[in-house]
Amino acid sequence: MELIVARHRDDLVKARRGGEVALVPTMGALHEGHRSLIRQARARADQVVVSIFVNPLQFGPNEDFSRYPRTFDADLDVCRAEGVDVVFHPDAEVMYAPDRQVSVSAGHMGTVVEGACRPGHFDGVLTVVLKLFNLVQPDLAVFGQKDAQQLALIRRMVADLDLPIEILGAPTVREPDGLALSSRNRYLSDDDRQVALALSRALRAGAAELTPAGVRAAARAVLDAAGPRLEIDYLALVDPATFADVDETYEGTAVLAVAAKVGTTRLIDNVTVTLSPAS
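Nothing here was measured: the structure is a model prediction, and the numbers come from that model.

Peer 1: Can you walk me through the overall build of the protein in this structure?
Peer 2: Along the backbone of the protein there are nine helices and nine strands. Taking 279 residues into account, the globule formula puts the C-alpha radius of gyration at 19 Å, and the protein, at 19 Å, falls close to it. Within the protein, the proportion of its 279 residues that are buried is 51%. A sequence separation of at least 24 residues applies to 71% of the contacts in the protein between residues at least 6 apart. Per element, the accessible surface of the protein, about 12,900 Å² overall, is 51% carbon and sulfur. Of the charged side chains in the protein, 29 are positive and 38 negative; the average position of the first set lies 3 Å away from that of the second.

Peer 1: Can you walk me through the nonpolar core in this structure?
Peer 2: Among soluble globular proteins, nonpolar side chains are generally buried collectively. Ranked by internal contacts, the top residues of the largest apolar core, which has 45 residues, are F88, F133, I167 and F243. When contributions to this core are tallied by element, the ones reaching two or more residues are α1 (9-15), β2 (21-26), β4 (86-88), α6 (121-136), β5 (140-144), α7 (148-160), β7 (230-238) and β8 (252-262). No other element matches the 10 residues that α6 contributes to this core. If sequence neighbours within four positions are ignored, F88 has contacts with A6, R7, H8, L12, V49, V50, S51, I52, M95, L132, L135 and V136. Judged by nonpolar contacts, the second largest core, of 25 residues, contains L203, Y250, A254 and V262.

Peer 1: Please clarify how the sheet that holds β7 should be interpreted in this entry.
Peer 2: Backbone-to-backbone hydrogen bonds pair the strands of a sheet. The strands run either parallel or antiparallel. The strand order β7-β8-β9 describes an open sheet built from three strands, whose pairing is antiparallel. Both edges of this open sheet fall to β7 and β9 (265-275), since each of them pairs with a single strand only. Within this sheet the neighbouring strands show an average axis-to-axis angle of 15°, counted without direction. The pairing of β7 with β8 spans eight bridges and is classified as antiparallel. The partner of I232 across the bridge, within β8, is A260. Against the sheet, helix α9 (residues 212-225) makes contact with β7, β8 and β9, and its axis sits at roughly 170° relative to β7, the strand it touches most.

Peer 1: Looking at this structure, I do not really get the side chain of D192. What am I missing?
Peer 2: Residue position: D192 is located in helix α8 (residues 190-207). Relative accessible area serves as the criterion here: at 13%, D192 is assigned to the buried category. If we skip the residues at most four places from it in the chain, D192 touches R229, V262 and G263.

Peer 1: Explanation requested: α8 in the structure shown.
Peer 2: Since one α-helical turn is 3.6 residues long, residues separated by three or four positions face the same way. With 18 residues, α8 should reach 26 Å at 1.5 Å per residue; the first-to-last C-alpha distance of 27 Å fits that figure. Residues D192, R193, V195, A196, L197, A198, L199, S200, A202, L203 and G206 constitute the buried set of α8. Contacts from the buried residues of α8 go to α9, β7, β8 and β9.

Peer 1: I tried to follow the environment of Q40 on my own but got confused; where do I start?
Peer 2: With respect to the helices, strands and loops of the structure, Q40 is situated in helix α2 (residues 32-44). Take Q40: its relative accessible area is 24%, and that puts it in the partly exposed class. Residues Q40 and T274 lie 234 residues apart in sequence; the distance between their C-alpha atoms is 25 Å.

Peer 1: Any chance you could explain the packing of aromatic side chains here in plain terms?
Peer 2: Here a ring pair, both rings aromatic, is described through the centre-centre distance and the interplanar angle of the planes. Inspection of every chain in the model, using the stated rule, returns three aromatic pairs. Seen from their ring centres, F59 and Y68 are 5.9 Å apart, and the 75° between their planes marks the pair as edge-to-face. Residues F59 and Y68 agree in their burial class; the two are buried. Each member of the aromatic cluster is reached from another via a ring pair, and the members are F59, F65 and Y68. Stacked on the ring of Y187, the Lys or Arg R67 has its end atom at 4.0 Å from the ring centre.

Peer 1: Please explain the environment of L132 as it appears in this structure.
Peer 2: Following the sequence through the fold, L132 ends up in helix α6. Here the alpha-carbon distance between L132 and G60, two residues 72 residues apart in the chain, equals 21 Å. Here L132 is in contact with L23, P25, S51, F88, M95 and Q137, once residues within four sequence places are set aside.

Definitions and limits used
Residues numbered from 1 in each chain as written. Predicted model: local features only at pLDDT ≥ 70, side-chain atom pairs only at ≥ 80, totals over all residues. Heavy atoms only, no water. Helix = DSSP H or I, 4+ residues; strand = E, 2+ residues; numbered from the N terminus. Rg over C-alpha atoms; globule rule 2.2 N^0.38 Å. Buried < 20%, exposed > 50% of the residue type's maximum accessible area, 1.4 Å probe, protein only. Contact = heavy atoms within 4.5 Å. Areas by Shrake-Rupley, 256 points an atom, 1.4 Å probe, with all protein chains shown as cover. Lys, Arg positive; Asp, Glu negative; His and termini not counted. Charge placed at Lys NZ, Arg CZ, Asp CG, Glu CD. Core = buried A, V, L, I, M, F, W, Y, C linked by side-chain atoms within 4.5 Å. Pairing = 2+ DSSP bridges. Axes fitted to C-alpha atoms, helices over the stretch in contact; angles between N-to-C directions. Expected span 1.5 Å × (residues − 1). Phe/Tyr/Trp six-rings, centres within 6.5 Å; stacked < 30°, edge-to-face > 60°. Lys NZ or Arg CZ within 6 Å of the ring centre and 35° of its normal.

Shown next, in the form of structure tokens:
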């Protein structure tokens, strides 16, 4: 079946057919990580919709909205190759009326860790995701674990607002050298990329430890060794459901998350760790 490109709600309604619908929200510049999300959606649903929309609400005033990569023709090729049924590619005017007043608040959880560095970011994320849910009307949606706080907040929004949508998390896809795949990786020079590898090395070092103190210390040592070209925003060890910092008595699964700037490029990464302080 030929790939359908939808621009408006009416296009989505016409494109819908029977069976379960899966949505994969993206901002385009699709890479192997996005392909993994699409494949997970394809395995579960009768119809797969990929949205491609660079959402202005989630960018701060000094962030990279204007230069964020926009590669729509190449993205369509990826979607065709992965058997996507519908690509939803609206203009900003379709998504946001000029007199828009109502947005989603991410609450306290949206103000910590990544949210502390990017005020309002998660409000913008949840607003666009809720709008996409309302427009596409999916039965399930797939998001990457690389954006772990985003995934946790979307799950919380679905629970708090009683949305009839199943949220699936897909594992982070990495390049052979360990760097988490990101559309922003293309901004890195060869030298910057070598520095950026400290993020995944730090996460691996932390994940090898069992106590909260050990995890934090092992990861921090790797980041510090990378030198001043790696500008750390945060290294956080948090509860995966609330993103609150864990204390030294915490046992079980936690998320070790890091964000840093290399050159002009800001990168995030995380890994799940298992803590056993009593050991």
